[in-house]
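# Coordinate inspection notes
Chain by chain, the residues:
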Amino acid sequence: MIRYTLICDNAHEFESWFASSASFDEQAKRGFVTCPVCDSAKVERAVMAPAVARTDRGPRPAEPAPEATAPSPAPVPSPAPRPAALMGEKEMAFRAMLTALHEHVAANAEPVGKRFAEEALKIHHGETENRAIYGEASAEDARMLHEEGVEFLPLPRLPEGRN
């Protein structure tokens, strides 16, 4: 994690944490990094000195608390939080393709549920008519189908809109 001191185009300074320098660059480019004071998305890294721990000295003594002199000004209310994008355009496009694939399979194949391995073997051995089917199979059933030479393709599950 990297902590950056940031400054907006209105000269407001603030700090934020990022997974990496590239993460900051990507988020700033997409407008996800905004000033907490004025909500400006024109944000840059401020000049800052790196914090380096010295190992040649012992532990630092605790600093005394500053004396209270005048009451601090009232806090500035922060703007209402904006929703953060949980998925980028590529992830949303991938989810749309996966949904279309599931819809295509459901429209063009027969659902056989937990009998998938049994039905696939019957079709493979010619005991029943050749047709497109879909259903569920355990890892053990999938291994057995593979060893028998049955061609099949596992479909990734849809996240059901939870994310």
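The structure contained in this document is the topic of the report that follows. (Residues numbered from 1 in each chain as written. Predicted model: local features only at pLDDT ≥ 70, side-chain atom pairs only at ≥ 80, totals over all residues. Heavy atoms only, no water.)

### A word on unusual backbone geometry
The phi torsion at Ala11 lies on the positive side, around 70 degrees, for a residue other than glycine. Structurally, Ala11 is set in the loop between strand S1 (2-8) and strand S2 (13-18). On the accessibility criterion, Ala11 (56% relative accessible area) is exposed. Although it is not a glycine, Asp39 adopts a positive phi angle of roughly 65 degrees. Tracing the backbone through its elements, the reader meets Asp39 in the loop between helix H1 (21-29) and strand S3 (43-45). Accessibility expressed as a relative area gives 30% for Asp39, which makes it partly exposed. (Helix = DSSP H or I, 4+ residues; strand = E, 2+ residues; numbered from the N terminus. Buried < 20%, exposed > 50% of the residue type's maximum accessible area, 1.4 Å probe, protein only.)

### Quick notes on the pattern of salt bridges
Under the criterion given, the structure shown has 9 salt bridges. For Glu136, the salt bridge identified is with Lys114, shortest N-O distance 3.2 Å. You can see Glu136 sitting in the loop between strand S5 (133-135) and helix H4 (139-148) and its partner Lys114 sitting in the loop between strand S4 (110-113) and helix H3 (116-124), a full 22 residues away along the chain. Residue Glu136 is classed as partly exposed on the basis of its relative accessible area, which comes to 42%. (Salt bridge = Lys/Arg side-chain N within 4 Å of Asp/Glu carboxyl O.)

### Observations concerning H3
The set of residues buried in H3 consists of Phe116, Ala117, Glu119, Ala120, Leu121 and Ile123. Elements in contact with the buried residues of H3: S4, S5 and H4. (Contact = heavy atoms within 4.5 Å.)

### Some words on the sheet that holds S1
Read across the open sheet, the 3 strands follow the order S2-S1-S3; overall the sheet is antiparallel. At either end of the open sheet lies a strand with only one pairing partner, and these are S2 and S3. With direction set aside, neighbouring strand axes in the sheet form an average angle of 40 degrees. Bridge count between S1 and S3: 3 bridges; the pairing is antiparallel. Across the sheet, the residue bridging to Leu6 is Arg45, located in S3. (Pairing = 2+ DSSP bridges. Axes fitted to C-alpha atoms, helices over the stretch in contact; angles between N-to-C directions.)

### Structural notes on the pairing of S1
Two elements, S1 and S2, share 6 bridges in a ladder whose sense is antiparallel. Across the sheet, residue Leu6 finds its bridge partner in S2, namely Phe14. Between S1 and S2, which pair antiparallel one after the other, the connecting turn spans 4 residues, and Ala11 there sits at a positive phi close to 70 degrees.

### Description of the packing of aromatic side chains
Inspection of the entire model under this criterion finds 3 aromatic pairs. With a centroid separation of 5.5 Å and an interplanar angle of 65 degrees, the aromatic rings of Tyr4 and Phe24 are classed as edge-to-face. In this pair, Tyr4 is assigned in strand S1 and Phe24 in helix H1, connecting sequence segments 20 residues apart. Of the two residues, Tyr4 and Phe24, both sit in the buried class. Ring centres 5.1 Å apart and planes at 75 degrees place the aromatic pair Phe18 and Phe24 in the edge-to-face group. (Phe/Tyr/Trp six-rings, centres within 6.5 Å; stacked < 30°, edge-to-face > 60°.)

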